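One-letter residues, chain by chain:
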Amino acid sequence: MTDTLFHAHPVRGPMNAAFFWAAGGMFDRLLRSHKRRVYADLPDTVVELGAGVGANLRYLSPGSTLIAVEPNPAMHGRLRRAARRSGVHLDLRPVSAERTHLPDASVDVVLSSLVLCSVGDPGQVLREVRRVLRPGGRFVFVEHVAAPAGTPLRRLQRWVRRPWAWCFEGCSCERDLASVVGDAGFDRVDVESYRLRSPFLPFNTQIAGVATR
Ligand SMILES: C[S@@+](CC[C@H](N)C(=O)[O-])C[C@H]1O[C@@H](n2cnc3c(N)ncnc32)[C@H](O)[C@@H]1O
């Protein structure tokens, strides 16, 4: 399977893999309560978009299978080792979330965290998620989003957008992802908005939710 949508960077890819590996514990402490809520009752096989270095493996039961849609080769070594340590069977797909090559209506749960900020086309990713989910299947997500218009935090997100995107391989802090999920044609969407207290100010406006097909 080849992927022409994601362009791996030889320096920033490994830098981001190392950063998310080192900061994984801190991000998990910040996000744990939201993840526990939306990632409850996961089935034995889950598809994860942008699985990175394995931040969400701890929410899967040992013996379960993770179909990891992760186009960035810099993440793969750490992700494989983390899956082995967690006792999770890893089925790694080096493709983009916009085009997963998974069959129609074949999946019970698709999961993501901090990924829709980075994909090239979030609307297309949501169409793809809806396509691969079975009727009644769930998309469960934790994402960072744009602060409300006109607020100081929104202005900060605008000021830092270029260096932020450069450091974090295309990540945007300016996306209204609740609307993207809400407009994707799911039968039901439950979204909670909240604010983190972290030193990464532009990242602190967040949503977590469940969209049911
Ligand atoms: C900010 S990291 C988050 C990683 C992990 N989900 C976490 O919570 O730590 C964003 C991830 O999305 C991946 N990514 C970027 N563009 C993507 C795309 N089009 N499809 C799937 N994954 C993508 C990156 O390679 C990276 O692993």
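Just so it is clear, the model here is predicted, and its values are computed rather than measured.

Visitor: Sorry if this is basic, but what is going on with the overall build of the protein chain here?
Guide: Looking only at helices and strands, one finds seven helices and seven strands in the protein chain. Taken from N to C terminus, the helices and strands of the protein chain fall in the order α-α-β-β-α-β-β-α-β-α-α-α-β-β. Here the protein chain has a C-alpha radius of gyration of 16 Å; the compact-globule value for 213 residues is 17 Å, and the two agree. Taken along its principal axes, the extent of the C-alpha atoms in the protein chain is 45 × 40 × 35 Å. Out of the 213 residues in the protein chain, the part that is buried amounts to 49%. Sequence separation of at least 24 residues holds for 71% of the intrachain contacts in the protein chain that already meet a minimum separation of 6.

Visitor: When you look at the sheet that holds strand 2 (residues 65-69) in this model, what are you seeing that I'm missing?
Guide: Either a parallel or an antiparallel arrangement is found when strands of a sheet pair, and the pairing is made through backbone hydrogen bonds. The strand order across the open sheet formed by seven strands is 3-2-1-4-5-7-6, and the pairing between neighbours is mixed. Sheet topology places strand 3 (89-93) and strand 6 (188-195) at the edges, where each strand pairs with a single neighbour. For this sheet, the mean angle separating the axes of adjacent strands, direction not counted, is 15°. With five bridges joining them, strand 2 and strand 3 adopt parallel strand pairing. Each bridged residue has a counterpart across the sheet, and for T65 the counterpart in strand 3 is H89. On the sheet, helix 2 (residues 24-38) packs against strand 4 (107-113), strand 5 (133-144), strand 6 and strand 7 (205-212) and is oriented at approximately 10° with respect to strand 7.

Visitor: Just checking my understanding: could you explain the pairing of strand 2 for this structure?
Guide: Looking along a regular strand, one sees side chains alternate from face to face of the sheet. The element strand 2 is extensively covered by neighbouring structure, given that four of its five residues are classed as buried. Pairing geometry for strand 1 (residues 45-49) and strand 2, over five bridges, is parallel. Within strand 2, the position partnered with L49 by the bridge is V69. As a crossover connection, the stretch from strand 2 through helix 3 (residues 73-86) into strand 3 is right-handed.

Visitor: Teacher, can you tell me more about the pattern of salt bridges here?
Guide: When their charged atoms lie close together, side chains carrying opposite charge are able to pair. Under the defined criterion, the tally for this structure stands at 10 salt bridges. R32 is the salt-bridge partner of D28, the closest N and O atoms lying 3.2 Å from each other. Of this pair, D28 and R32 both sit in helix 2, separated by four residues, roughly a single helical turn. We classify R32 as partly exposed; its relative accessible area is 31%. Here R188 ties to D190 by a salt bridge, and the two come within 2.9 Å at their closest N and O atoms. Salt bridges here are not isolated pairs; linked through shared partners, they connect D28, R32 and R58.

Visitor: Help me understand the side chain of Q157, please; the structure alone is not making it clear to me.
Guide: Considering the arrangement of structural elements, one finds Q157 in helix 5 (residues 152-159). A polar contact of 3.4 Å, which involves the side chain of Q157, links it to the backbone oxygen of V145. Not counting the four nearest positions on each side in its chain, Q157 is found in contact with V145, A146, A147, C173, E174, P202 and T205.

Visitor: What exactly am I supposed to notice about the site of the ligand here?
Guide: Neighbouring the ligand are 19 residues, the closest being G50, E70, A97, E98 and S113. The side chain of E70 places a nitrogen or oxygen atom 2.6 Å from an oxygen atom of the ligand. Taken by itself the ligand offers 590 Å² of open surface, and the protein chains cover 93% of this. Residue classes in the shell around the ligand are distributed as 11 nonpolar, six polar and two charged.

Visitor: What is the right way to look at the nonpolar core in this model?
Guide: Generally speaking, nonpolar side chains in soluble globular proteins are found buried as a group. With 33 residues, the main nonpolar core has Y39, L42 and L57 as its most contacted residues. Of all the secondary structure elements, the ones that give two or more residues to this core are helix 2, strand 2, helix 3, strand 4, strand 5 and strand 7. Core analysis: the next-biggest nonpolar cluster, separate from the first, contains 26 residues, V107, V110, V125 and V145 among them.

Visitor: I keep staring at the side chain of S198 and nothing clicks. Help me out?
Guide: Looking at the secondary structure, you find S198 in the loop between strand 6 and strand 7. Separated by 2.6 Å, the side chains of S198 and N204 make a polar contact. Setting aside its immediate chain neighbours within four residues, S198 contacts L30, F203 and N204.

Reading the values: the criteria
- Residues numbered from 1 in each chain as written.
- Predicted model: local features only at pLDDT ≥ 70, side-chain atom pairs only at ≥ 80, totals over all residues.
- Heavy atoms only, no water.
- Helix = DSSP H or I, 4+ residues; strand = E, 2+ residues; numbered from the N terminus.
- Rg over C-alpha atoms; globule rule 2.2 N^0.38 Å.
- Buried < 20%, exposed > 50% of the residue type's maximum accessible area, 1.4 Å probe, protein only.
- Contact = heavy atoms within 4.5 Å.
- Pairing = 2+ DSSP bridges.
- Axes fitted to C-alpha atoms, helices over the stretch in contact; angles between N-to-C directions.
- Right-handed = clockwise from strand over helix to strand, strands pointing away.
- Salt bridge = Lys/Arg side-chain N within 4 Å of Asp/Glu carboxyl O.
- Polar contact = N/O pair within 3.5 Å; in protein donor to acceptor, adjacent residues only side chain to side chain.
- Near = heavy atom within 4 Å.
- Areas by Shrake-Rupley, 256 points an atom, 1.4 Å probe, with all protein chains shown as cover.
- Nonpolar A, V, L, I, M, F, W, Y, C, P; charged D, E, K, R; others polar.
- Core = buried A, V, L, I, M, F, W, Y, C linked by side-chain atoms within 4.5 Å.

That is the geometry; function is a separate question.
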